[in-house]
2 protein chains.
Amino acid sequence: MAIKRHYNGNRILNGTQQRITANRELLLELIHESPGHFDADEIYRKAREKHNTISLSTVYRNLQLFKKLGIVEERHFSEDHHHYEKKQTGDHQHFQCTRCGTIIELSWPLLEKSKDTVSERYGFQITRVEIELTGLCFECGKMREAGL
Amino acid sequence: MAIKRHYNGNRILNGTQQRITANRELLLELIHESPGHFDADEIYRKAREKHNTISLSTVYRNLQLFKKLGIVEERHFSEDHHHYEKKQTGDHQHFQCTRCGTIIELSWPLLEKSKDTVSERYGFQITRVEIELTGLCFECGKMREAGL
DNA sequence: ATAAATGCAAACCGTTTGCAAGCTC
DNA sequence: GAGCTTGCAAACGGTTTGCATTTAT
């Protein structure tokens, strides 16, 4: 019942034996549609809506595969389950509001300059910088001031 | 068999009904002895060495309590279980080596200036900044160069 | 005496895994 | 046919919880 497809000529990773299946195509599509972070269950639920036979273990197995292939990254926030996001090109900075929970991506000023200083000072080779800000967003700040 | 003590006058939190017990005193002591991050099991094992009747659930329950009281904070690294650390006064920055796993605390240059810029630009009230660097530490960088 | 704290074992829940069946090439 | 992929159900492992007992006030 799954759509029959012609999969050759389109391997996920050159030189490996991984195949592009309908499940994988769907998962990749859902991941690319996801604006920010997502978790396994979210992807699973969305996948079920479109392709009602996929199983949760397939989602997990493929997320692991995608992680290994560098397509997604695992991130660890305050909750008790894994979160993923599309692999960022390099550094990554966001702000999370403690009141409404919104996550806003941003760019950290003076990042390159600070990185250089740290590399030099400590002798590190820095491959990735994660900056996570916490506080009140503009709207919630206003609400707070208004006593709401 | 646990040491009998006079616990009054030393409440964890004034005005609550929480009691200071031998278990709690021991746990707090172990936490304050811990240099950096720790997890529940680590604390449990250390506690067992000194006070051989404490149970893992007591450790968990107290870590939750300490979290609520603001004594420790939960942090989420790449592993699958919770990590804790003593509550930091404010911001927190560290570097983790992808090769040897060492975590090195550091201070991020131009932090205040960058924070001010972000606050202004986005209208955020920033209460906490977490910066997590990943890469190779000095020693591992050397090893890498040497082809080891 | 009363309410909080504890140990134990069982429950929980997100994630992983073994296995047999189904696909892709 | 060989080997990768999948669904299912069972296993796993860290964390939480119910309950009867102990302890602090």
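Here, the structure is the one placed above.
Residues numbered from 1 in each chain as written. Chains lettered and ligands numbered in written order. Predicted model: local features only at pLDDT ≥ 70, side-chain atom pairs only at ≥ 80, totals over all residues. Heavy atoms only, no water.

(A) Seen up close, the sheet that holds strand S2 (residues 72–75) of chain B. Residue and element names in this part refer to chain B. Spatial ordering of the open sheet is given by S1-S3-S2, a layout of 3 strands whose pairing is antiparallel. Among the strands making up the open sheet, the edge pair consists of strand S1 (37–38) and S2. As defined by bridge partners, S2 adjoins strand S3 (residues 83–86) across 4 bridges and the pair is classed as antiparallel. Note that in S3 the partner of Glu74 across the bridge is Tyr84. Each of S1, S2 and S3 is contacted by helix H3 (residues 56–68), which is oriented at about 105° to S2, the strand it contacts most. (Pairing = 2+ DSSP bridges. Helix = DSSP H or I, 4+ residues; strand = E, 2+ residues; numbered from the N terminus. Contact = heavy atoms within 4.5 Å. Axes fitted to C-alpha atoms, helices over the stretch in contact; angles between N-to-C directions.)

(B) Examining the relation of the copies chain B and chain A more closely. For these two chains of identical sequence, chain B goes onto chain A by a turn of 180° and a shift of 0.1 Å along the axis, with RMSD 0.3 Å. With respect to symmetry, the two chain copies, as superposed, fit the operation of a two-fold axis. Among all C-alpha atoms of chain B, that of B:Ile131 lies closest to the rotation axis, at 2.2 Å. Interface overlap between copies is the fraction of interface residues in one copy that are interface residues in the other; for chain B against chain A it reaches 100%, indicating a shared surface. (Least-squares fit on C-alpha atoms with pLDDT ≥ 70 in both.)

(C) Summary view of the pairing of strand S4 (residues 92–97) of chain A. Residues and elements named next belong to chain A. Extensive coverage of S4 is indicated by the burial of 5 of its 6 residues. Bridge analysis of S4 against strand S6 (residues 125–136) gives 6 bridges, and the strand direction is parallel. Considered in S6, the bridge of His94 is made with Glu132. Bridging between S4 and strand S5 (residues 103–105) involves 3 bridges; their strand directions are antiparallel. Each bridged residue has a counterpart across the sheet, and for Phe95 the counterpart in S5 is Ile104. (Buried < 20%, exposed > 50% of the residue type's maximum accessible area, 1.4 Å probe, protein only.)

(D) View of the protein's contact with DNA strand D. For DNA strand D, the set of nearby residues contains 21 residues, the closest of which are A:Arg24, A:Thr53, A:Thr58, B:Tyr60 and B:His82. Across the atoms of DNA strand D situated within 4 Å of the protein, the share located in sugar and phosphate is 71%. In the model, a phosphate oxygen of DNA strand D is placed 2.6 Å from a nitrogen or oxygen of the A:Thr53 main chain. Put simply, the parts of the chain that give the surface near DNA strand D at least two residues each are helix H1 (22–33) and helix H3 (56–68) of chain A together with H3 of chain B. Partitioned by chemical class, the residues of the surface near DNA strand D number 3 nonpolar, 13 polar and 5 charged. (Near = heavy atom within 4 Å. Polar contact = N/O pair within 3.5 Å; in protein donor to acceptor, adjacent residues only side chain to side chain. Nonpolar A, V, L, I, M, F, W, Y, C, P; charged D, E, K, R; others polar.)

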